[in-house]
Amino acid sequence: MIRRSFLAALAFAAALPLTAWAEAPLKVVATTGMIADATRQVGGDQVEVKGLMGPGVDPHAYRQTRSDIVAMTRADVVLWHGLYLEAQMEDFFRDLARKQTVVAVAEGIDKSKLRAHDDYADKYDPHVWMSPDLWREVVIEIQDTLTEARPEAADIFAANAQAHLAELEQLQAYADQTLAAVSEQNRVLVTAHDAFGYFGAEHGYEVMGIQGISTQSEAGLNRIGELVDTLVDKQLKAVFVESSVSDRLMRALIEGAAAKGHDVGVGGELYSDAMGEPGTYEGTYVGMLDHNITTIAGALGADVPERGMNGKLSAGY
Ligand SMILES: [Zn+2]
C-alpha cells in the first residue's frame, strides 16, 4: 500500500511542469466572471484568480466592498473590463492604476469594431463577451498582461491561450450555424436590458431591451407600451429574462401583451452580464454562451441539440 502511493506520488510529481515548483502562482483579481474564466484558461496553474462578481451580480451597479479592496491591493495583477461597464468603480480603478498593475482588458479592442452606447455619445457598448470573435481580443490582452507579469511562463500562457482561442472559434461556428436556423421573421430578441447588441448585429437579430445598455437607466412606461405593441404586431412568442437583472419589468411586458389578447411566454433565462454557478458548465464562458445560443435558437423555433454544442448544458433545452 505504502509503496504504491509512493510510486503514485512520484508519477504525479513527474507530470507537473517544472515551473509549477519554481514560484507561487500570480495573484490575479478580476471583476466579472467572464474575465476571471479567461484568466484561468490562459493562466492555468500559474495563476490564482479571484473573481469579484459572482452569479447574478450586475456589473453596471456593482461597487467594490472592503474585502474586494483588500484583495486588489494584495494582487499582482488586477483586471477589469472597462468601456464603462463597471461604472461605479471607474474612479477606484484609475486611482489604483497609479500604484499597481491594473488593466482594463476590453479597452484595447479596435474602436471600429465597437457599437455606440445609447446613453452616452462618447462611450461604447461594453457587452463584447456576447461575441466570441470580439472576446478573443480580450483573451489575447489577458495573455499579454500575464506574460508581462511573468515572462518566464510566456510559453505556457501562449499554449493555453491557443487552446482557448480554438474553443472560441468552435463556439463562434456553433453560434453562426445554430442562430441561422431560426426563421427570419422570428429573429427578434426581447430582453430586460440591451446586453445583446453585438449578438444581434452579428447574427441578424433585432434586439429590444426594456432598459438601455446600462441597467441603471430607467425604463419608462412608454417603453413598455412600445414593446407590448411590437410583441403583438409581430406575434412574437417568446421573451427572455436575464440572470443578473430583475424580471419585474418583463412580467409587466407579458401581462401587457396578455391584456391585448396575445400570449407571450418566457423563452428562458439568459446569462447577460454574469455567468452561472462556479463549478458548473454554465459557470464558464463557453458554457454561458452555449446556454444562451441554444436557449435563444430553441425558444425561437430552431432545432437545437438538447444539451448544447458540447452536450454539457445542465438544464438542456
Ligand atoms: Zn449589461
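Computed from a prediction, not measured in an experiment: that's the story for all the values here.

Participant: Teacher, can you tell me more about empty space enclosed by the protein here?
Facilitator: Empty space among the atoms can be located by rolling a probe the size of a water molecule over them. Tallying each qualifying case throughout the model produces 1 cavity of 30 Å³ or more. Approximately 50 Å³ is the volume attributed to the largest cavity. Considering the residues around the largest cavity, the lining is formed by Met130, Pro132, Ala175, Phe199, His203, Leu289, Asn292 and Ile293. Elements with a contribution of two residues or more to the lining of the largest cavity: α8 (197-203) and α11 (285-299).

Participant: Explain the coordination of the zinc ion to me, please; I cannot follow it from the model alone.
Facilitator: Each angle at a metal carrying four tetrahedral donors should ideally be 109.5 degrees, and each at a metal carrying six octahedral donors should ideally be 90 or 180 degrees. For the zinc ion, every protein donor is listed as His60 (NE2), His127 (NE2), His193 (NE2) and Asp273 (OD), and the spread of their distances is 1.9 to 2.1 Å. Note that the zinc ion binds 4 donor atoms; their angles at the metal cover 92 to 127°, and the shape is tetrahedral. Motif for the zinc ion, donor spacing along one chain: H-x66-H-x65-H-x79-D. Highlighted residues: histidine 127 in the loop between β4 (102-104) and α6 (132-149) and histidine 193 in strand β5 (residues 188-193), separated in sequence by 66 residues. Histidine 193 matches histidine 127 in its accessibility class, with the two residues each being buried.

Participant: I keep staring at the layout of surface pockets and nothing clicks. Help me out?
Facilitator: Taken as a whole, the largest pocket spans an internal volume of roughly 260 Å³. The leading source of residues in the lining of the largest pocket is helix α3 (residues 33-43), at 5 residues. When its residues are assigned to classes, the lining of the largest pocket shows 9 nonpolar, 9 polar and 3 charged.

Participant: Any chance you could explain the sheet that holds β4 here in plain terms?
Facilitator: Hydrogen bonds between backbone atoms are what pair the strands of a sheet, whose relative direction is either parallel or antiparallel. Sheet architecture is open: 4 strands sit in the order β2-β1-β3-β4, paired in parallel fashion. Every other strand in the sheet has two partners, leaving β2 (47-51) and β4 as the edge strands with one partner each. Ignoring strand direction, the axes of neighbouring strands in this sheet form an average angle of 20°. Packed onto the sheet, α3 meets β1 (26-30), β2 and β3 (77-80) and runs at close to 175° relative to β2.

Rules and cut-offs
- Residues numbered from 1 in each chain as written.
- Predicted model: local features only at pLDDT ≥ 70, side-chain atom pairs only at ≥ 80, totals over all residues.
- Heavy atoms only, no water.
- 1 Å grid on protein atoms, 1.4 Å probe; cavity = no way out; pocket = protein on both sides within 12 Å on 5 of 7 lines; lining within 4 Å.
- Points joined across faces, edges and corners; volume = space filled by probe spheres on them.
- Helix = DSSP H or I, 4+ residues; strand = E, 2+ residues; numbered from the N terminus.
- Donors = N, O, S within 2.8 Å, 3.2 Å for Na, K, Ca; no water.
- Tetrahedral: all angles 85-135°; square planar, octahedral: opposite > 155°, others 65-115°.
- Buried < 20%, exposed > 50% of the residue type's maximum accessible area, 1.4 Å probe, protein only.
- Nonpolar A, V, L, I, M, F, W, Y, C, P; charged D, E, K, R; others polar.
- Pairing = 2+ DSSP bridges.
- Axes fitted to C-alpha atoms, helices over the stretch in contact; angles between N-to-C directions.
- Contact = heavy atoms within 4.5 Å.

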